[in-house]
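The residues making up each chain are set out below.
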Amino acid sequence: MRPRHDAGWLAPHRSTPVHGEIAVPASKSLTNRFLLLAALAEGPSVVVNPLESRDSALMLAALESLGATTERIAGWEASGESAVRISPLTPGTEPVSVECGLAGTVMRFLPAVAALARRPVRFDGDPEARVRPMGAVLEGLRTLGAKVEEEGATGYLPFTVHSPEGISGGDVTIDASASSQFVSGLLLAAPGMSQGLTLRHSGADVPSLEHVEMTLQVLAELGVHVKSPAPFTWRVEPGPIAPFTVRVEPDLSNAGPFLCAAAVTGGTVTMPGWPLNSTQIGRRWPQLLTDFGCQVSLAPYSETAGTLTVRGPEQMVSPGTVDATAELTPTVAALAALCTTETKFTSVGHLRGHETDRIAALVSEVRRLGGAAEETDDGFRILSPARHPATVHSYADHRMATFAAVLGLAVPGVIVENIGSTAKTMPDFPDRWSALVQA
Ligand SMILES: O=C(O)C1=C[C@@H](OP(=O)(O)O)[C@@H](O)[C@H](O)C1
Ligand SMILES: C=C(OP(=O)(O)O)C(=O)O
């Protein structure tokens with residue numbers, strides 16, 4: 001299941017502006033939420049235009065281990081798009097295993113589903129996944145009455161969830177300052193708890209709150225009653241989820257590197273299918289790119305979507321400070337690493353628990369390319385631009401690989417170690433990238 005490691009991919013370089021149009025596949029975050037909720041629904045549901053990547057394949061395989069059935073449909077009715085039909089989890093007592101790979105949405109979302117499913121479920125993942133924080137999820141489940149048996153370091157994979165009586169919900173307080181996924185994971189399973197769930201966060205801020213907003217919106221869209229009665233407090237009412245059919249939006253986080261191709265070459269990239277209203281954090285791209293000197297416009301062509309056009313400037317300008325950009329950070333860092341003045345990234349300390357310690361990784365790789373960068377308490381600073389070629393390490397992190405691809409457009413001779421890590425959310429990234437930047 002783990003993608004084959006490759007030693008080096010020469011990132012395409014352009015000394016002339018990139019002009020092109022590109023669409024991106026479906027959102028990882030929305031796909032994995034809808035797949036999970038389909039498995040908790042009362043009957044078969046259909047997710048149209050799901051992301052097909054390692055993270056979504058891991059989610060499907062995990063749901064199957066938990067007793068759901070999944071069936072890929074090549075052309076869904078009039079849309080002709082791919083779709084997947086999911087029939088709900090069936091109860092069982094056999095112990096099963098869930099392979100999480102490096103997917104935060106699998107390792108943080110499914111333990112609560114495992115507790116509802118009542119069978120013993122062992123969770124494990126890639127070596128890089130075993131250092132991603134899990135403590136708040138396990139603490140939350142224990143408060144709800146599940147037993148969690150840990151095998152290695154406390155608060156990390158691997159572990160087994162035992163919950164023969166299920167979990168009935170109630171009131172839980174966790175510290176979600178290391179990941180918004182701790183909140184989303186408990187809220188997504190909450191409709192299946194007989195008392196529903198009131199979840200409170202205690203501690204420093206919850207990062208990436210857009211992703212909690214997404215969770216609440218997805219639940220509400222499926223008819224679940226949700227509210228946030230106070231800051232960092234959420235309430236999900238119990239109740240069945242009726243079978244549903246949904247279509248998944250494009251992945252606006254993965255749109256980032258493609259839009260940046262315009263920014264770093266002074267070109268123009270257009271992207272159809274841009275949702276006019278989205279809970280995805282990638283909805284911030286128009287503003288972020290504008291902050292770096294791009295001209296961005298959105299031309300709606302339906303009630304829900306439009307074409308986004310990004311025109312890059314002759315020379316990008318750093319906005320100085322970039323705040324709380326969560327999973328967009330590596331891509332924004334590629335822009336910053338091509339600006340002549342400093343950019344400070346703030347409120348992104350939790351990136352140390354992402355696919356890799358992204359703060360350490362970004363600082364090391366900017367330096368490897370001849371730029372100056374340093375870590376700070378809650379982020380990092382890029383002080384001077386990437387200047388010369390290097391083999392950029394991806395640390396098995398898809399966003400580090402695409403960070404390097406964006407830099408390679410501007411700096412000739414960049415080699416990306418393990419471009420195959422992009423299979424996490426976009427298996428055909430190298431082909432899509434080449435199609436846009438080498439056209
Ligand atoms: O809920 C989700 O789908 C996600 C939440 C965020 O996690 P963090 O809050 O850990 O950053 C984000 O970075 C991740 O890529 C996807
Ligand atoms: C942090 C990320 O992923 P995950 O869902 O594995 O947390 C990401 O995609 O940038």
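Keep in mind that what you see is a predicted model, and the values were worked out from it rather than measured. (Residues numbered from 1 in each chain as written. Chains lettered and ligands numbered in written order. Predicted model: local features only at pLDDT ≥ 70, side-chain atom pairs only at ≥ 80, totals over all residues. Heavy atoms only, no water.)

1. Here's the deal with the nonpolar core
Condition: Throughout, nonpolar core names a set of buried Ala, Val, Leu, Ile, Met, Phe, Trp, Tyr and Cys residues whose side chains join them through atoms within 4.5 Å. A simple rule labels every residue: compare its accessible area, found with a 1.4 Å probe on the protein chains alone, to the largest value its type can have, and call it buried under 20%, exposed over 50%, or partly exposed in between. Only heavy atoms matter for contacts: two residues are in contact if any of them lie within 4.5 Å across the pair.
If you look at the biggest cluster of nonpolar residues, it comprises 78 residues, and the most contacted ones within it are F123, L141 and L187. Leave out the neighbours within four places in its chain, and L187 touches L197, L199, V212, T215, L216, L219, W234 and V236. Counting residues in each nonpolar core, the second largest holds 69 residues, with V24, L289, F292 and F380 among its members.

2. A look at the site of ligand 1
What counts here: Near is defined per residue: the residue qualifies when any heavy atom it owns lies within 4 Å of the molecule or strand. Distance and chemistry together define a polar contact, namely a pair of N or O atoms within 3.5 Å, with one atom able to donate a hydrogen and the other to accept it when in protein, and with adjacent residues in sequence counting only for side-chain atoms on both sides. In these tables, accessible area is a Shrake-Rupley quantity obtained with a 1.4 Å probe, and a residue counts as shielded only by the protein chains included in the view.
Not every one of the 13 residues close to ligand 1 is listed here, only the nearest: S29, R33, S179, S180 and E327. In this structure, an oxygen atom belonging to ligand 1 sits 2.9 Å away from a side-chain N or O atom of K28. A distance of 2.6 Å separates an oxygen atom of ligand 1 from a polar side-chain atom of S29. Burial of ligand 1 by the surrounding chains reaches 96%, relative to a free accessible area of 380 Å².

3. A few points about the sheet that holds strand β21 (residues 379-384)
Just so we agree on the cut-off: One bridge is not enough; two strands pair if DSSP finds at least two bridges between them. A run of H or I in DSSP becomes a helix once it reaches four residues, and a run of E becomes a strand once it reaches two; helices and strands are each numbered from the N terminus. To obtain each axis, a line is fitted to C-alpha atoms, and for helices this fit is confined to the stretch in contact; angles are then taken between N-to-C directions over 0 to 180 degrees.
Pairing within the open sheet is mixed, and its four strands lie in the order β18-β19-β21-β20. Either end of the sheet is taken by a strand with one partner, and the two such strands are β18 (321-323) and β20 (372-376). Taking the axes of each pair of neighbouring strands and ignoring which way they run, one obtains an average angle of 15 degrees across the sheet. Sheet contacts for helix α10 (residues 329-336): β18, β19 (343-346) and β21; angle to β19, the most-contacted strand, approximately 165 degrees. In the packing of helix α11 (residues 358-368) onto the sheet, contacts are made with β20 and β21, and the angle to β20 comes to roughly 165 degrees.

4. Some thoughts on the domain arrangement of the protein chain
Stated precisely, the cut-off is as follows: Either an automatic procedure or a domain database provided the assignment from which the domain bounds are taken. What gets called buried area is simply the loss in accessible area from a 1.4 Å probe that two parts show on being joined, summed for both. By convention in these notes, a salt bridge is any Lys or Arg side-chain nitrogen within 4 Å of a carboxyl oxygen on Asp or Glu. Three classes are used, and their members are as follows: Ala, Val, Leu, Ile, Met, Phe, Trp, Tyr, Cys and Pro are nonpolar, Asp, Glu, Lys and Arg are charged, and the others, Gly among them, are polar.
Along its sequence, the protein chain is organised into domain 1 (9-25 + 250-437) and domain 2 (28-247). For domain 1 versus domain 2, the distance between C-alpha centres works out to 29 Å. Each partner contributes to the interface: domain 1 provides 20 residues, whereas domain 2 provides 23 residues. Summing both sides of the interface, domain 1 and domain 2 together bury roughly 1800 Å²; the carbon and sulfur share of this comes to 53%. Summed over the three residues of domain 1 that lose the most area to domain 2, namely T279, H350 and K424, the buried surface amounts to 34% of that side. Counting across the domain 1 and domain 2 interface gives four salt bridges. Salt-bridge contacts for K424 lead to D55; the nearest nitrogen and oxygen are separated by 2.7 Å. Linking domain 1 with domain 2 are eight residue pairs in polar contact (both at pLDDT 80 or more), by the criterion used here. Considering only residue class, the side of domain 1 that touches domain 2 consists of seven nonpolar, six polar and seven charged.

5. Overview of the packing of aromatic side chains
Here is the rule we go by: Only rings of Phe, Tyr and Trp enter the pairing, Trp through its six-membered ring, and a pair is recorded when the two centres are within 6.5 Å. The plane angle decides the type: under 30 degrees is stacked, over 60 is edge-to-face, the rest tilted.
In the structure shown here, the tally under the stated rule is seven aromatic pairs. Ring geometry for F34 versus F244: centroids 6.3 Å apart, planes at 55 degrees, classification tilted. On the criterion of sequence distance, the pair formed by F34 in helix α1 (residues 28-40) and F244 in the loop between β13 (233-236) and β14 (245-247) is long-range, its members being 210 residues apart. Per residue, the accessibility class of F34 equals that of F244, and both read buried. With a centroid separation of 5.5 Å and 65 degrees between ring planes, the pair formed by F258 and W433 is classed as edge-to-face. Here the residue F258 occupies a position in helix α8 (residues 252-265), and W433 occupies one in helix α13 (residues 429-437), the gap between them amounting to 175 residues. Using a relative accessible area of 0% as the deciding quantity, one classes F258 as buried.

6. Description of the sheet that holds strand β16 (residues 295-300)
The four strands are arranged β2-β15-β17-β16 in an open sheet whose pairing can be described as mixed. A single partner strand is all that each edge strand has here, and the edge strands are β2 (19-21) and β16. Each strand of the sheet is rotated relative to its neighbour by a mean of 20 degrees, with strand direction disregarded. Where β2 meets strand β15 (residues 268-275), three bridges bridge the pair, whose relative direction is parallel. Pairing of E21 across the sheet is with T270, part of β15.

7. Describing the side chain of R132
Test applied: In this tally Asp and Glu are treated as negative and Lys and Arg as positive; neither His nor the chain ends contributes.
As for its placement among the helices and strands, R132 is situated in the loop between β7 (121-124) and α5 (135-143). Despite its burial, R132 pairs with no opposite charge; the closest candidate is E355, at 4.1 Å N-O. Side-chain polar atoms of R132 contact the backbone oxygen of L102, separated by 3.1 Å. A polar side-chain atom of R132 sits 3.0 Å from the main-chain carbonyl oxygen of G353. Here R132 is in contact with L102, A103, G104, M107, R108, G155, Y156, Q181, G353, H354 and E355, once residues within four sequence places are set aside.

8. A short note on the UniProt feature "binding site: phosphoenolpyruvate" (unreviewed entry) in the protein chain
The condition that has to hold: UniProt positions are given in the numbering used here, feature names are shortened, and annotations may be inferred rather than shown by experiment. Here a cavity denotes a set of grid points, spaced 1 Å apart and computed over the protein atoms alone, in which a 1.4 Å probe fits but from which it cannot get out, and a pocket denotes an open set meeting protein on both sides within 12 Å along at least five of seven lines; residues with an atom within 4 Å of a point are reported as lining.
When the UniProt feature table is mapped onto this chain, "binding site: phosphoenolpyruvate" (unreviewed entry) is found at K28, G104, R132, Q181, R358, R399 and K424. Taking the annotated residues in turn, K28, G104, R132, Q181, R358, R399 and K424 line the largest cavity. Residue position: G104 is located in helix α3 (residues 104-107). On the accessibility criterion, G104 (5% relative accessible area) is buried.

9. Describing the packing of α8 against helix α12 (residues 398-410)
Relative orientation and spacing of two packed helices are given, respectively, by the angle between their axes and the distance between those axes. Heads up, the rule is: With respect to orientation, any angle under 35 degrees is reported as roughly parallel, any angle over 145 as roughly antiparallel, any angle of 65 to 115 as roughly perpendicular, and every other angle as oblique. Left-handed describes a crossing in which the near helix is turned anticlockwise from the far one by less than a right angle; the clockwise case is right-handed.
Relative orientation of the contacting elements α8 and α12 amounts to 15 degrees, with a least axis distance of 9 Å. Comparing their axes, α12 and α8 come out roughly parallel. Between α8 and α12 lies a crossing whose hand is right-handed. Packed against α8, whose contacting residues are S253, N254, P257, C260, A261, V264 and T265, the element α12 presents R399, T402, V406, L409 and A410 at the interface. Classifying every residue of the contact of α8 with α12 gives seven nonpolar, four polar and one charged.

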